[in-house]
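What follows is each chain in one-letter form.
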Amino acid sequence: MNVKITAKKVQADGLAEYAQSKLKKLERFFGEAFDARITMSTQRGMITLELTVQHDNLTFRAEQSAQNKNDALDACVDRIVRQIRKNKTKIEKRLHIAAFNDGFEDEIEEQAAYEVIKKKPIILHPMNLDEAILQMNMVGHSFFMFKNGDTGEINVVYKRKDGHYGVMEPTKD
């Protein structure tokens, strides 16, 4: 388990040891070979903690605000465990199958297969990032796929919960 903690405008005193003990709960799914990134910040007097766990090509993310950083971490770990349990049939082949043999099937209803209800063909015009954000805002969506005129790659721009924008760019393994 590799844990990286980033604190923005808040002290992370004692969080490393506490995080190590709480993240042991995830070892039954991933073994010891997973990376965890914890990012803490303060917003409106509350501590916002974001936990991202990566194992192979799987990424799990949870965000929680609380008065206490330990409470926020507890909630994030529990949320990731719920994500794993909810999608267990889809991911159990990638994780340790023995982790799913503890009888928690009754706790969370298993999700049915994903159902695609609409396919929408789109024409990708080359544009820069600012044009893509403008297009996304004009159509009222929270994301927008476009062909980056500078790189020629397919990118996705999206609006984050904090009101800022993000862009997804393809990378090679």
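Placed above this text is the structure.
Because the structure is predicted, anything quoted here is derived from the model rather than measured. (Residues numbered from 1 in each chain as written. Predicted model: local features only at pLDDT ≥ 70, side-chain atom pairs only at ≥ 80, totals over all residues. Heavy atoms only, no water.)

(A) Representation of the layout of surface pockets within the structure. In this model, the largest pocket occupies a volume close to 520 Å³. Around the largest pocket, the lining comprises 18 residues; the ones closest to its centre are Glu50, Arg61, Glu63, Arg160 and Asp162. In terms of residues, the lining of the largest pocket owes the most to one element, strand E2 (residues 35-43), which gives six residues. Split into classes, the residues belonging to the lining of the largest pocket amount to four nonpolar, five polar and nine charged. Roughly 360 Å³ of internal volume is contained in the second largest pocket. Lys120, Ile122, Ile123, Leu124, His125, Met127, Val139, His141, Phe143, Phe144, Met145 and Phe146 are the residues that line the second largest pocket. With four residues, the single largest contributor to the lining of the second largest pocket is strand E6 (residues 143-148). (1 Å grid on protein atoms, 1.4 Å probe; cavity = no way out; pocket = protein on both sides within 12 Å on 5 of 7 lines; lining within 4 Å. Points joined across faces, edges and corners; volume = space filled by probe spheres on them. Helix = DSSP H or I, 4+ residues; strand = E, 2+ residues; numbered from the N terminus. Nonpolar A, V, L, I, M, F, W, Y, C, P; charged D, E, K, R; others polar.)

(B) Just the packing of helix H1 (residues 15-23) against helix H3 (residues 69-86), in detail. Where H1 meets H3, the closest approach of the two axes is 11 Å, and the angle between their N-to-C directions is 25°. Taken together, H1 and H3 sit at an angle that is classed as roughly parallel. Between H1 and H3 lies a crossing whose hand is right-handed. Contacts from Leu15, Tyr18, Ala19, Lys22 and Leu23 of H1 reach H3 at Lys69, Asn70, Leu73, Asp74 and Val77. Of the residues belonging to the contact of H1 with H3, the class tally is six nonpolar, one polar and three charged. (Axes fitted to C-alpha atoms, helices over the stretch in contact; angles between N-to-C directions. Parallel < 35°, antiparallel > 145°, perpendicular 65-115°, else oblique. Left-handed = near helix turned anticlockwise from the far one by under 90°. Contact = heavy atoms within 4.5 Å.)

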